[in-house]
Amino acid sequence: MNSRLQEIRERQKLRRQLLAQQLGAESPDSIGAVLHSKDELKEIEETRETCRASYDSSAPPSKKKPQTDGEDTEEDVEEQKDEVEVQQEEESNPYEEVYKDSSTFLKGTQSLNPHNDYCQHFVDTGHRPQNFIRDVGLADRFEEYPKLRELIRLKDELIATTNIPPMYLQADLEHFDLRDLKSQFDVILIEPPLEEYYRESGISHTERFSTWDDIMRLEIEEISALRSFVFLWCGSGEGLDLGRMCLRKWGFRRCEDICWIKTNKNNPGKTKALDPKAVFQRTKEHCLMGIKGTVRRSDDFDFIHANVDIDLIITEEPEMGNVEKPVEIFHIIEHFCLGRRRLHLFGRDSTIRPGWVTVGPTLTNTNFNPETYGAHFPTPESHLSGCTEEIERLRPKSPVNLKMERGGGAPRGGRGGPNAGRGGDRGRERNRPNFRGDRGGFRGRGGPHRGFLPR
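Keep in mind it's a predicted model, so treat the numbers as computed, not measured.

A. Fine view of the side chain of histidine 335. Position of histidine 335 relative to the elements: it lies in helix α10 (residues 328–336). A polar atom in the side chain of histidine 335 sits 2.7 Å from the side chain of aspartate 156. Discounting residues that sit within four places of it in the chain, histidine 335 has contacts with Ile152, Lys155, Asp156, Ile159, His305, Val308 and Asp309.

B. The arrangement of α10 in detail. Most of α10 sits inside the fold, with eight of its nine residues counted as buried. Among all positions of α10, only Glu328, Ile329, Phe330, Ile332, Ile333, Glu334, His335 and Phe336 are buried.

C. View of the sheet that holds strand β5 (residues 284–292). The strand order β1-β8-β7-β2-β3-β5-β4-β6 describes an open sheet built from eight strands, whose pairing is mixed. A strand with exactly one partner marks an edge of an open sheet, and here the two such strands are β1 (167–170) and β6 (312–316). Taking each pair of neighbouring strands and ignoring which way they run, the sheet shows an average axis angle of 20°.

D. Local environment of the environment of glutamine 17. With respect to the secondary-structure elements, glutamine 17 resides in helix α1 (residues 2–23). With a relative accessible area of 37%, glutamine 17 lands in the partly exposed category. Put simply, glutamine 17 and serine 27 are ten residues apart on the chain and 7.3 Å apart in space, counted from C-alpha to C-alpha.

E. Spotlight on helix α9 (residues 239–249). Residues Gly239, Leu240, Gly243, Cys246 and Leu247 constitute the buried set of α9. Viewed end-on, α9 has its buried residues packed into an arc of 115°, placing them on one side of the element. Set apart from the buried face of α9 by more than 90 degrees, the exposed residues are Asp241 and Arg248. On its buried side, α9 packs onto α8 (212–216), β3 (224–235), β4 (253–263) and β5. Looking one or two residues past α9, glycine 251 carries a phi angle of roughly 90°, positive in sign.

F. Structural detail: unusual backbone geometry. For aspartate 135, which is not glycine, the phi torsion reads 55° and is therefore positive. Structurally, the position occupied by aspartate 135 is in the loop between α5 (118–125) and α6 (146–162). Phi angles above zero are rare outside glycine, and lysine 182 is one such case at about 55°. On the secondary structure map, lysine 182 appears in the loop between β1 and β2 (185–190).

G. Representation of the confidence of the model for the chain. With 68% of its residues at a pLDDT of at least 70, the chain reaches an overall mean of 77. Confidence drops under pLDDT 50 across residues 104–111; counting only partners more than four residues distant or on other chains, this segment forms 22 contacts. Counting contacts from residues 409–455, a segment whose pLDDT is below 50, to residues more than four positions away or on other chains yields 55 contacts.

H. A look at the pairing of β4. By the bridge criterion, eight bridges tie β4 to β5 in an arrangement that is antiparallel. For isoleucine 258, the partnering residue across the bridge sits in β5 and is cysteine 287. Note: β4 against β6, five bridges, orientation parallel. The residue bridging cysteine 259 from the neighbouring strand is leucine 312, located in β6.

I. Highlighting the pattern of salt bridges. On inspection of all chains with the given rule, the structure shows 18 salt bridges. We note a salt bridge from arginine 227 to aspartate 302, for which the minimum N-O separation is 3.7 Å. Of this pair, arginine 227 sits in strand β3 while aspartate 302 sits in the loop between β5 and β6, placing them 75 residues apart in sequence. Under the relative-accessibility criterion, arginine 227 is labelled partly exposed at 24%. Residue class for aspartate 302 comes out partly exposed when judged on its relative accessible area of 32%.

J. Layout of the environment of methionine 289. Relative to the helices and strands, methionine 289 resides in strand β5. You can call methionine 289 buried: its relative accessible area is 7%. Taking the C-alpha atoms as reference points, methionine 289 and leucine 247, separated by 42 residues in sequence, lie 8.7 Å from one another. For methionine 289, the residues in contact, after removing those within four places along its chain, are Phe229, Val230, Phe231, Leu247, Arg253, Arg254, Cys255, Glu256 and Phe336.

K. Geometry of the pairing of β2. Among the six residues of β2, six are classified as buried, and the element is accordingly described as predominantly covered. One ladder, built from five bridges, connects β2 with β3; its direction is parallel. Residue pairing across strands places leucine 189 opposite phenylalanine 231, the latter belonging to β3. Summarising the sheet, β2 and strand β7 (residues 342–345) pair through four bridges and their orientation is parallel. Counted as the bridge partner of isoleucine 190 is leucine 345 from β7.

L. Molecular detail of the packing of aromatic side chains. Per the stated rule, a full pass over the model turns up seven aromatic pairs. Each ring, one from tryptophan 233 and one from tryptophan 260, has its centre 6.2 Å from the other, and the planes form 75°; the classification is edge-to-face. Placement of tryptophan 233 in strand β3 and of tryptophan 260 in strand β4 is noted, with a sequence separation of 27 residues between them. Feature note: the residues Phe185, Phe368, Tyr373 and Phe377 constitute an aromatic cluster, connected by ring pairs. Over the face of the ring belonging to tryptophan 233 we find lysine 325, whose NZ or CZ atom lies 5.9 Å from the ring centre.

M. Structural detail: the nonpolar core. Grouped together as the largest cluster of nonpolar side chains are 57 residues, with contacts concentrated most on Phe229, Trp250 and Leu345. Element by element, the count of residues in this core is highest for β3, at six residues. Filtering out sequence-adjacent residues up to four positions away, phenylalanine 229 remains in contact with Asp186, Val187, Ile188, Phe252, Met289, Gly290, Ile291, Val295, Phe303, Ile304, Phe336 and Cys337.

Quick notes on the rules
Residues numbered from 1 in each chain as written. Predicted model: local features only at pLDDT ≥ 70, side-chain atom pairs only at ≥ 80, totals over all residues. Heavy atoms only, no water. Helix = DSSP H or I, 4+ residues; strand = E, 2+ residues; numbered from the N terminus. Polar contact = N/O pair within 3.5 Å; in protein donor to acceptor, adjacent residues only side chain to side chain. Contact = heavy atoms within 4.5 Å. Buried < 20%, exposed > 50% of the residue type's maximum accessible area, 1.4 Å probe, protein only. Pairing = 2+ DSSP bridges. Axes fitted to C-alpha atoms, helices over the stretch in contact; angles between N-to-C directions. Arc of directions from axis to C-beta. pLDDT = per-residue confidence, 0-100. Salt bridge = Lys/Arg side-chain N within 4 Å of Asp/Glu carboxyl O. Phe/Tyr/Trp six-rings, centres within 6.5 Å; stacked < 30°, edge-to-face > 60°. Lys NZ or Arg CZ within 6 Å of the ring centre and 35° of its normal. Core = buried A, V, L, I, M, F, W, Y, C linked by side-chain atoms within 4.5 Å.

If you want it as structure tokens, here you go:
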């Protein structure tokens, strides 16, 4: 009995510690102060008393069936049972708790509202539900994962040492021939100035923006390497479909969809111009990722490191008039692809970055030279950043193909041949002429014998 009681107390202690951590309390003893103040508890109790009083005054008098001589009929008995059940149900729920607002929900489990209230809290205060996701910044994300934190640190150091100096070119991409760059790129980031961005950001319509026809006319296929990736910001409306059409036209296959979730902690309730075509308030944008050529996670680890980052970016929404995208998209690309030939189209002065060639109409200067840029990659393999032994040890690995690891051959029931059967040593052993198994020494239809070999 004592051991059982001790176990219950330990569990209770752990639950209180976890609840204190989730609510941001200094210690488990201060949970009560975080959940409800004395005034709030008094207000809740007064609300309950008011509900009880209003129920008692409005409750209808119970109807009793008058006594009659003789036995009750079967219908009378059933009616009495129904009245008893209704009366018991009403007594079990003497009053209904009144829900006034969502101020009590986010403070703990003593809320009067029994529902998931993040949406109602958004209606009441303007705080989006994503505002309450913790540790979303680059500095705090891996605090509880030391292995990933060390991996990110090592990769950032390697990227910084292998990056070429930043290059930039002021050019109107509507008329500029991308083949004049005279290079093939491993990664191409496209950030088109869509009308959707300017409309939601409150920028005047005098600003020049690109249509999806303009974007599709870009000759991305002419400057992309045989193994390459493209990242296309496409908004959250029609661009989700038109962006996929652009990828297909350029010879890419869509493989991922990176989603940017925007918080509004600094300006709750302040929303940008609402899209007239939208049904809900849009608080996210999408960046489609396309792949060209054959790239396998388990084999092409000299070119990509998969599963280092996630396909989600959570940052504060830019202020009105600002169309900047989160800088984290550069980190995701650099951690993922080991190719050093990186191109950013529709870039701005604020997005010039080491290791990247930035091209855009709003740039104020130019230092790009095709010959100088090509001199950074003198050999066929010099465009790869390489990898250290420590990064190789720490990075997430793709699952091993057990069938290939065992030396798997052709599928069962195939066309025979020297390695037909289940593969590996067992398959080769079965194919020996002097082997006598349950179904003979040859598998499939193509061998010279079927069944046991003749004696």
